[in-house]
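# Secondary and tertiary structure notes
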Amino acid sequence: MSQTSYITLSRSALKNNVEFIQNILGTTKFSSVVKGNAYGHGIKQFCPLIHELGVDHFSVFSADEAQKINAILPHVSIQIMGFIHDNDLEWVIKNKVSFFVFESDRLNKAIQLAQKLKIKAKINIEIETGMNRTGFHVNEFDAVIKVALKAKKHIIIEGICSHLAGAESISNYKRVKSQIKTFSQIQHKVKENKQYHPKFHLACSAAILQYPKTKFDLARIGILQYGFFPSNEVLVQYITKNSTDIDPLKRVITWKTIVMDTNTIEAGSFVGYGTSFFTNSKTKVALIPVGYSHGFSRSLSNQGKVLIRGKRLDVIGTVNMNMTAIDITECPEIEKGDEVVLIGTQGDNSISVASFSDFSNLLNYELLTRLPSGIKRKIIA
Ligand SMILES: *Cc1c(COP(=O)(O)O)cnc(C)c1O
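Residues numbered from 1 in each chain as written. Predicted model: local features only at pLDDT ≥ 70, side-chain atom pairs only at ≥ 80, totals over all residues. Heavy atoms only, no water.

## A closer look at helix α3 (residues 43–52)
Buried residues of α3: Ile43, Phe46, Cys47, Leu49 and Ile50, and no others. The buried residues of α3 all sit within an arc of 165° when viewed along its axis, so they share a single face. Seen from the open side of α3, the exposed residues pointing more than 90 degrees away from its buried face are Lys44 and Glu52. (Buried < 20%, exposed > 50% of the residue type's maximum accessible area, 1.4 Å probe, protein only. Helix = DSSP H or I, 4+ residues; strand = E, 2+ residues; numbered from the N terminus. Arc of directions from axis to C-beta.)

Below you can see the structure in the form of structure tokens.
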């Protein structure tokens, strides 16, 4: 049965982005960040696709996401950066999935379980460098390492890591610089202690471009691989530094639907629920079968744009649960069944998530991750 909209993922676009990232990373290991259902692209479709391109390390937020990857790609490396319910820690250790440790309770539970299972737990010690979210404080570090090294038979300290609080904006420069300094001090300390040799990882997409010295052993890359810059600022800086006017990334995702009906409305009428859109003149409208229940945010009411017959057209009225109205007065030949692009390119025009977010006040990340997992994802060349 056909769904009301469909998503395609482009293999060639992803190949382009992976090559771009690998080129920047050099010898640094690429960990593909696929939390939030691979930023809405779909873990099930995206992970095998990028794995075919040579990527074999994945970062997720929670154990259920790790399990999804493990079921499709049993031999890749997976690290959980966030939440693991105590009940799931056994599955994690048994399946050799590594995980961030940011508080002592998890460290102690990991040691106990690993001992019981007779399988070494692979941990990454997360340090609080200034994000003030999760992580051990610098003054706790020595004690934590002491506990972990004492349990060497059951624990592998695979990595030492932290996360930068907003590397995509120059307004956070001082804060980020101070985080990098704190991280480097810890790194220095670890290197002096010859008892363990963890991988250091700090960088996300914005960091490998804005603070290349933070690449270290491994970088956790999310948004870039999907073909989006973390912010306009990072894109502009990249373009300036490289004296190019071409965006080097290609969008992997396209989201489309079709026109379900058209309608002509006389001047002086309200369109849809309530009174948010009033016709000042005779207006031709196309209805599309996509609404906020399908991930087309209500904040796009009277704001969003779509492409039909190569033209950028306005969303009018409020986005409903299942339906949205588009003003097609300037293109009256549009008819039922015409292709509608919600994200992607049609003719010479494109709707990118970045420009999308400009008029919807949503971040790239948020709009993408709100795409329901129930919409089919098809791989195209
Ligand atoms: C989401 C996330 C990343 C990836 O961020 P991008 O900006 O998408 O590259 C890296 N590290 C952690 C801890 C994250 O949560």
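Resuming the write-up.
## Some thoughts on unusual backbone geometry
Glycine aside, residues mostly have negative phi angles, and peptide bonds mostly take the trans form. The backbone of Tyr39 sits at a positive phi, close to 50°, despite the residue not being glycine. Along the chain, the position of Tyr39 falls in helix α2 (residues 35–39). Among the residues examined, Tyr39 registers a relative accessible area of 5% and is labelled buried. Even without being glycine, Arg309 reaches a positive phi, approximately 50°.

## What about the site of the ligand?
Every residue close to the ligand is listed here: Val33, Lys35, Tyr39, Met81, His163, Cys204, Ser205, Arg220, Ile221, Gly222, Ile223 and Tyr365. Ser205 places a side-chain nitrogen or oxygen 2.5 Å from an oxygen atom of the ligand. When the ligand is considered free in solution it has 390 Å² of accessible area, and contact with the protein chains removes 91% of it. Among the secondary structure elements, those contributing two or more residues to the shell around the ligand are α2 and β9 (218–221). When grouped by side-chain class, the residues that make up the shell around the ligand number seven nonpolar, three polar and two charged. (Near = heavy atom within 4 Å. Polar contact = N/O pair within 3.5 Å; in protein donor to acceptor, adjacent residues only side chain to side chain. Areas by Shrake-Rupley, 256 points an atom, 1.4 Å probe, with all protein chains shown as cover. Nonpolar A, V, L, I, M, F, W, Y, C, P; charged D, E, K, R; others polar.)

## Focus on the domain arrangement of the protein
Partitioning the protein into domains gives domain 1 (11–241) and domain 2 (253–380). Placing the centre of domain 1 and that of domain 2 at their C-alpha centroids yields a distance of 37 Å. At the interface, 14 residues of domain 1 touch twelve residues of domain 2. Summed over both partners, the interface of domain 1 with domain 2 buries about 1,200 Å², with 61% contributed by carbon and sulfur atoms. At the junction of domain 1 with domain 2, the criterion picks out zero salt bridges. Our count for the domain 1 to domain 2 interface comes out at three residue pairs in polar contact (both at pLDDT 80 or more). Elements represented by at least two residues in the side of domain 1 that touches domain 2 include exactly α2 and α3. Looking at which element gives the most residues to the side of domain 1 that touches domain 2, the answer is α2, with three residues. (Domains from an automatic or database assignment. Contact = heavy atoms within 4.5 Å. Buried area = accessible area lost by both parts, 1.4 Å probe. Salt bridge = Lys/Arg side-chain N within 4 Å of Asp/Glu carboxyl O.)

## Comments concerning the packing of helix α1 (residues 11–25) against α3
One can describe the packing of α1 onto α3 by two numbers: an axis separation of 10 Å at closest approach and a directional angle of 60°. Relative to α3, the element α1 is oriented oblique. Considering only the axes of α1 and α3, their crossing is right-handed. From α1, Arg11, Leu14 and Val18 reach across to α3, where they touch Phe46, Leu49, Ile50 and Glu52. Partitioning the contact of α1 with α3 into residue classes produces five nonpolar, no polar and two charged. (Axes fitted to C-alpha atoms, helices over the stretch in contact; angles between N-to-C directions. Parallel < 35°, antiparallel > 145°, perpendicular 65-115°, else oblique. Left-handed = near helix turned anticlockwise from the far one by under 90°.)

## As for the UniProt feature "modified residue: N6-(pyridoxal phosphate)lysine" (unreviewed entry) in the protein
Residues annotated by UniProt as "modified residue: N6-(pyridoxal phosphate)lysine" (unreviewed entry) correspond here to Lys35. Residue classification places Lys35 among the partly exposed positions, given a relative accessible area of 31%. Lys35 has contacts with Ser59, Val60, Phe61, Glu65 and Met81, leaving out every residue within four places of it along the chain. (UniProt positions renumbered as here; feature names shortened; annotations may be inferred.)

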